[in-house]
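In case you want the letters, here they are:
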Amino acid sequence: MPKAIGFAAQAADQALEYFEFERRDPTADDVEIEIAYCGVCHSDLHQARNEWGGTVFPCVPGHEIVGKVTRVGSKVSKYKVGDTVGVGCMVDSCRTCANCEDGYEQYCDNGFVGTYNGEDKHMGGVTFGGYSNRITVAQDFVLKVSDKLDLAGVAPLLCAGITTYSPLRHWGVTKGHKVGVVGLGGLGHMAVKIAKAMGAEVVLFTTSPNKVDDAKRLGADHVVISKDEEQMKAWRNSLDFILNTVAAPHDLDAYLTLLRLDGTMTLVGVPAESHPSPAVFNLIAKRRSLAGSLIGGIAETQEMLDFCAEHGITSDIEMIAMDEINEAYERMLKSDVKYRFVIDMATLKQK
Ligand SMILES: [Zn+2]
Ligand SMILES: [Zn+2]
C-alpha cells in the first residue's frame with residue numbers, strides 16, 4: 001500500500017505535527033490523487049481539537065483538496081492520469097437511500113463518509129483528510145477542476161464555495177433579487193462573489209467598519225454596519241434572501257425583520273451554543289422562513305465548480321507552508337485571515 005505523509009493531531013490539546021500512514025491502493029473504482037493544495041476550514045480546527053466530540057486520534061484534517069490524478073482503477077471512466085481534480089467534505093455515502101438517489105449525498109440518511117474522521121470502509125479506523133501528500137477516493141466523489149482557474153484559489157471552493165453556492169441556488173437567487181450576506185469571513189466572502197455572479201444586488205452585513213472597502217472590492221453593492229440601528233432600519237422588509245454565515249450566537253430578529261414577504265434567511269454557520277430563539281411574530285408578520293443548509297451534493301458541487309470557472313471565481317487566499325498550520329489556526333481564531341488559508345503541499349517533506 002502506498003505510504004502517505006501528512007500532519008495530524010495526536011490529541012485534542014496537542015499541536016498538529018508530522019505523521020506517516022498508509023493509503024489504500026486504488027480499487028477498480030478508485031482514483032488516486034497527488035494533493036497540490038488543501039484549504040484550511042474552521043471545521044478542521046473543531047475536529048482536531050475535539051470541540052464537537054467524537055474525534056478519533058490521530059486526526060488528519062482537510063477537506064478542501066485539489067491535485068492531480070496519479071493512478072486510476074480498472075473501472076474508472078470519469079478520470080485519467082494527469083487530470084486536475086478536487087475532493088470536498090465527503091468521500092462516500094450509502095448511495096442507496098432516497099436522498100443519495102436524488103443527488104443529496106450530504107443529507108444521506110445513513111450518514112455520509114466524511115473526508116476525515118469518517119468510517120473508513122477500506123482501511124478500518126477513520127478516514128484521513130487532505131493535510132497530506134496523497135489520497136485515494138471513489139470516482140463518484142471526485143470533482144473535475146477547470147485548468148482555467150488558479151488551483152490554490154480553487155481549493156476553498158470545495159467547502160466554503162459549495163456551502164454558500166448550494167443555498168443561493170436552492171432558494172433561487174437570480175437577477176433582480178436583493179440578497180443579504182451576514183459576515184465577511186471564509187464563507188461570507190465566497191457568498192458575496194457567488195451571489196453577485198448570479199445577478200443579485202448584494203448587501204453585506206458586518207460588525208467591522210474596516211471591512212467596508214474589501215466587501216465592495218469583492219462585489220458587495222452595499223455594506224451595512226450591523227451595530228448601527230439606523231443603517232439596519234433602512235433595509236427593513238426589503239431583502240429576498242439572506243445567507244447568514246456567522247458562527248457566533250447573535251440576535252436573528254435583527255436580520256429576519258429585513259426580509260420582505262416570503263423571504264428566507266438560511267444559516268450556514270454553526271455556533272457552539274445556539275442563537276437566542278427568534279420572535280415568532282417576526283416570522284408570521286411577513287410569512288418569513290428561517291432555514292439551514294449543509295454543503296452540497298456531488299452533482300451540485302460540480303455545477304458550482306463549473307459556475308466558478310465560467311465566472312472566474314476563486315477564493316481570496318493566504319498561502320501557508322504545512323508546518324505553519326498551528327500558527328494559522330491561532331490566526332483563524334482571531335479572524336485574522338483574508339479569507340482562507342491554503343496549504344501548499346509542496347512544502348510537506350518526508351522526514
Ligand atoms: Zn469545511
Ligand atoms: Zn444515503
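Residues numbered from 1 in each chain as written. Chains lettered and ligands numbered in written order. Predicted model: local features only at pLDDT ≥ 70, side-chain atom pairs only at ≥ 80, totals over all residues. Heavy atoms only, no water.

Visitor: Just checking my understanding: could you explain the coordination of the zinc ion (ligand 1) for this structure?
Guide: Tetrahedral coordination by four donors puts the ideal angle at the metal at 109.5 degrees, and octahedral coordination by six puts it at 90 or 180 degrees. Every protein donor of the zinc ion (ligand 1) is listed here as Cys41 (SG), His63 (NE2) and Cys159 (SG), and their distances to the metal cover 2.0 to 2.2 Å. Counting the intervening residues between successive donors of the zinc ion (ligand 1) yields the motif C-x21-H-x95-C. Of the two residues, Cys41 is situated in the loop between β3 (30-40) and α1 (42-48) and His63 in the loop between α1 and β4 (65-72); the sequence distance between them amounts to 22 residues. Grouping residues by exposure puts Cys41 and His63 together as buried. (Donors = N, O, S within 2.8 Å, 3.2 Å for Na, K, Ca; no water. Helix = DSSP H or I, 4+ residues; strand = E, 2+ residues; numbered from the N terminus. Buried < 20%, exposed > 50% of the residue type's maximum accessible area, 1.4 Å probe, protein only.)

Visitor: Just checking my understanding: could you explain the coordination of the zinc ion (ligand 2) for this structure?
Guide: Of the protein atoms, only Cys94 (SG), Cys97 (SG), Cys100 (SG) and Cys108 (SG) coordinate the zinc ion (ligand 2), at distances of 2.3 to 2.4 Å. Each donor residue of the zinc ion (ligand 2) belongs to the same chain, with the gaps between them written as C-x2-C-x2-C-x7-C. Overall, Cys94 belongs to the partly exposed group, its relative accessible area being 25%. Residue classification places Cys97 among the buried positions, given a relative accessible area of 9%.

Visitor: Just to check I follow, could you spell out the pairing of strand β11 (residues 201-206) for this structure?
Guide: The side chains of a regular strand alternate between the sheet's two faces. Counting buried positions along β11 yields 5 of 6 residues, so the element is predominantly enclosed. Inspection of the sheet shows strand β10 (residues 178-182) paired to β11 by 5 bridges, in the parallel sense. The residue of β11 that forms the bridge with Val182 is Phe205. The parallel pair β11 and strand β12 (residues 222-225), bridged by helix α6 (residues 212-218), forms a crossover whose chirality is right-handed. (Pairing = 2+ DSSP bridges. Right-handed = clockwise from strand over helix to strand, strands pointing away.)

Visitor: Got a minute to help me understand helix α5 (residues 186-197) in this structure?
Guide: Every α-helix carries 3.6 residues per turn, so stepping three or four residues along brings you back to the same face. Here α5 contains 12 residues, and its C-alpha end-to-end distance of 17 Å stays within 8% of the 16 Å for a straight helix at 1.5 Å per residue. Burial of α5 is extensive: 10 of the 12 residues sit out of reach of the surface. All of the buried residues in α5 are Gly186, Leu187, Gly188, His189, Met190, Ala191, Val192, Lys193, Ile194 and Ala195. Positioned one or two residues after α5, Gly199 has a phi angle of 100°, which is positive. (Expected span 1.5 Å × (residues − 1).)

Visitor: I would appreciate a short explanation of the layout of surface pockets in the present structure.
Guide: If a probe as big as a water molecule is rolled over the atoms, it shows which places are left empty. In this structure, the second largest pocket encloses a volume near 330 Å³. When residues of the lining of the second largest pocket are traced back to their parent elements, those giving at least two are β2 (17-22), β6 (90-92) and β8 (134-138). Taken together, the residues that form the lining of the second largest pocket break down as 9 nonpolar, 6 polar and 10 charged. (1 Å grid on protein atoms, 1.4 Å probe; cavity = no way out; pocket = protein on both sides within 12 Å on 5 of 7 lines; lining within 4 Å. Points joined across faces, edges and corners; volume = space filled by probe spheres on them. Nonpolar A, V, L, I, M, F, W, Y, C, P; charged D, E, K, R; others polar.)

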